[in-house]
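Coordinates in review
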Amino acid sequence: MKRKKNFHEIIVVGAGAAGMTAAIFAAKEGADVLILEHMETAGKKILATGNGKCNYTNSRQGVENYYGDDPAFVLPVMEQFSFDDTLSFFDELGIYPKEKNGYYYPASEQASCVREVLLRQLDLLGVNIVYNCGIRSIERQKDAFCFETKSGYLYSRLCLMATGGCAAKKTGSDGSGFLYPQKMGHRIIDVVPALVQLQGKESFFKEIAGIRAEAVIKLYIDGRLAATESGELQLTDFGISGIPVFQLSRLAAKALKKRQNVCAQINFSPNLAEEELKKILARRFDRAGIDAAGALLGMYNRKLIPLFLRLARIDEKTDAENVSSKQLAGLAGVIRKFRVSIIGTKKFDTAQATAGGIDTKEIDNKTLESKLVRGLYFAGEMIDIDGRCGGYNLQWAWSSGYVAGTSAARKIRESV
């Protein structure tokens, strides 16, 4: 086609982790690349990852760490850009890694460094970013894509969508990016918050808010065990939080979307078998001059004790010696099978990721090109793939960004 003034070989929509990575690798392949970003700066979401330290990958890779209607979709992508490739890529950019239990961070423990090295690389490669671009429409024309922006029209041979999902709207992931592929015929799998806190129905949460405890959490959906996670649980004034809750949250959110019954069962004595706990409780309560609350003091958080006893129907001022074995068995059950009725998740504003997105059946898993629209590519959280907490969502961003960017650039080169 005849070149227009505002024509580029590839336009990447979105300057997040996946978009910047895609642009870098497309430019390395010799493509003329432009990035369009609707925020005032790039990579804002990167700054919030890993509590500001940026957990940018994890050594424990595998399909079991990813979710979606077809989690195996990640395998051909990860084969092309693996965990080792991620370490090498960031090492070349200047990030020296710091590892803790398989979690990788910059040695500086500053997420801003990760964003900065990506931006510096884009600058070295001559890739420009148009901020506050205000895209009004994206249309596939005969042999190009037309982008209508608030500043005028732009054109490209290929379009690479990497706008993120709906999580953390203030960083730019507001879900608006889904509108463009949807208008081009793509199906969007229902999007729900992932890696997010869960809301409980019970009224007792205000009295136990602020407690942190090691626990095992089982998630039940319509009475069936769906998943189990362990780690540090955080109790809030609205429900439950913490990494194990985040890991379970996408399942809970999907089930709630379908109006299924969701329940979390918490074991506050994860290192004790049921019979062992019963024996320990029997010994602690077999003491003169101590009440029921005192018998549990030093074993569980002080704020939890009145609640445990109340749910077990034991008066906390009752002499410990007078508590029956049947009551102690009930107390052990409360401690090991503490029930929370899940009625919702916190909203996208506090979620770290989005579950759902563009149906993977409509995307080539080796190139990430659309099967429906020639020349349209996807990367990152827009696709119906999300990962566990622990660097997996960023690994998906780097890997999918690499595959989409290099595939698009090679398609340009092959057509010349």
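In this report, the structure presented in the accompanying data block is examined. (Residues numbered from 1 in each chain as written. Predicted model: local features only at pLDDT ≥ 70, side-chain atom pairs only at ≥ 80, totals over all residues. Heavy atoms only, no water.)

**Here we look at the overall build of the chain**
Short version of the rule: Strands here mean DSSP runs of E at least two residues long; helices mean DSSP runs of H or I at least four residues long; both are numbered from the N terminus. Buried means the residue's accessible area, taken with a 1.4 Å probe over protein chains only, is under 20% of the maximum for its type, while exposed means over 50%, and partly exposed covers the values in between. We call two residues contacting when some pair of their heavy atoms lies within 4.5 Å. Positive charges come from Lys and Arg, negative ones from Asp and Glu, while His and the chain ends are left out of the count. Charged groups are reduced to one reference atom each: NZ for lysine, CZ for arginine, CG for aspartic acid, CD for glutamic acid.
Of the regular secondary structure elements, the chain holds 12 helices and 20 strands. For the C-alpha atoms alone, the extent of the chain along its principal axes is close to 95 × 45 × 35 Å. Sorting the 416 residues of the chain into buried and exposed places 56% on the buried side. Long-range contacts, defined here as pairs at least 24 residues apart, represent 72% of the contacts in the chain between residues at least 6 apart. Placing the 56 positive and 47 negative side-chain charges of the chain at their respective mean positions leaves the two points 4 Å apart.

**Some remarks on the nonpolar core**
Rules: We call a set of buried Ala, Val, Leu, Ile, Met, Phe, Trp, Tyr and Cys residues a nonpolar core when their side-chain atoms join them within 4.5 Å.
Grouped together as the largest cluster of nonpolar side chains are 81 residues, with contacts concentrated most on Ile 10, Phe 90, Leu 118, Ile 138 and Trp 398. If one sorts the elements of this core by residue count, helix H12 (residues 392-415) sits on top with 11 residues. The next biggest cluster of nonpolar side chains, apart from the first, holds 50 residues, and it includes Phe 204, Phe 205, Ala 215 and Leu 233.

**Description of the sheet that holds strand E5 (residues 97-100)**
The test is simple: The criterion for strand pairing is that DSSP finds at least two bridges linking the strands in question.
Taken in spatial order, the 3 strands line up as E3-E6-E5 in an open sheet, and their pairing is antiparallel. Two strands bound the open sheet, and with one partner strand each, they are strand E3 (57-58) and E5. Bridging between E5 and strand E6 (residues 103-106) involves 4 bridges; their strand directions are antiparallel. What sits directly across from Lys 98, in E6, is Tyr 105.

**Details of the pattern of salt bridges**
Put simply, the test is: One side-chain nitrogen of Lys or Arg within 4 Å of one carboxyl oxygen of Asp or Glu is enough to make a salt bridge.
For the structure on display, the rule yields 15 salt bridges. Close ionic contact of Glu 232 with Arg 212 constitutes a salt bridge, the shortest N to O distance being 3.0 Å. With Glu 232 in strand E14 (residues 224-235) and Arg 212 in strand E13 (residues 212-221), this residue pair connects regions lying 20 residues apart in the sequence. Its relative accessible area of 35% is what places Glu 232 among the partly exposed residues. Each member of the salt-bridge network shares a partner with another, and the members are Glu 29, Arg 410 and Arg 413.

**So, the pairing of strand E11 (residues 188-194)**
Burial within E11 is extensive, with 5 of its 7 residues counted as buried. Here E11 pairs with strand E18 (residues 353-358) via 5 bridges, running antiparallel. Across the sheet, Ile 189 pairs through a bridge with Gly 357, a residue of E18.

**What to know about the sheet that holds strand E15 (residues 239-241)**
The cut-off we apply is this: A fitted line through C-alpha atoms serves as each axis, taken over the contacting stretch for helices, and the angle formed by two N-to-C directions is quoted from 0 to 180°.
An order of E12-E15-E14-E13-E16-E17 is seen for the 6 strands of this closed barrel, with the pairing classed as antiparallel. Within this sheet the neighbouring strands show an average axis-to-axis angle of 45°, counted without direction. As paired elements, E14 and E15 share 2 bridges and run antiparallel to each other. Residue pairing in the sheet places Leu 235 in a bridge with Ile 240 of E15. In the packing of helix H7 (residues 243-257) onto the sheet, contacts are made with strand E12 (198-200), E13, E14, E15, strand E16 (262-267) and strand E17 (338-345), and the angle to E14 comes to roughly 140°.

**With respect to helix H11 (residues 325-336)**
Condition: Given the number of residues in a helix, its expected span is that number minus one, multiplied by 1.5 Å.
In this model H11 runs 16 Å from its N-terminal to its C-terminal C-alpha over 12 residues, within 8% of the 16 Å that 1.5 Å per residue would give. Of all the residues in H11, the buried ones are Leu 328, Leu 331, Ala 332, Val 334, Ile 335 and Arg 336. Buried positions along H11 lie against E16, helix H8 (274-285), helix H9 (292-296), helix H10 (305-311) and E17.

**What to know about the packing of H8 against H11**
This is how it is decided: Note on angle classes: values under 35 degrees are labelled roughly parallel, values over 145 roughly antiparallel, values of 65 to 115 roughly perpendicular, and the remainder oblique. In this scheme the crossing of two helices becomes right-handed for a clockwise turn of the near helix relative to the far one and left-handed for an anticlockwise turn of less than a right angle. Polar here means any residue other than Ala, Val, Leu, Ile, Met, Phe, Trp, Tyr, Cys and Pro, which are nonpolar, and Asp, Glu, Lys and Arg, which are charged; Gly is therefore polar.
It is at 9 Å that the axes of H8 and H11 come closest, and there the two elements cross at 125°. One way to sum up the angle between H8 and H11 is to call them oblique. The crossing of H8 and H11 is right-handed. On the side of H8, the interface is formed by Glu 274, Leu 277, Lys 278, Leu 281, Ala 282 and Phe 285, while H11 contributes Leu 328, Ala 329, Leu 331, Ala 332, Ile 335 and Arg 336. Considered class by class, the residues forming the contact of H8 with H11 number 9 nonpolar, no polar and 3 charged.

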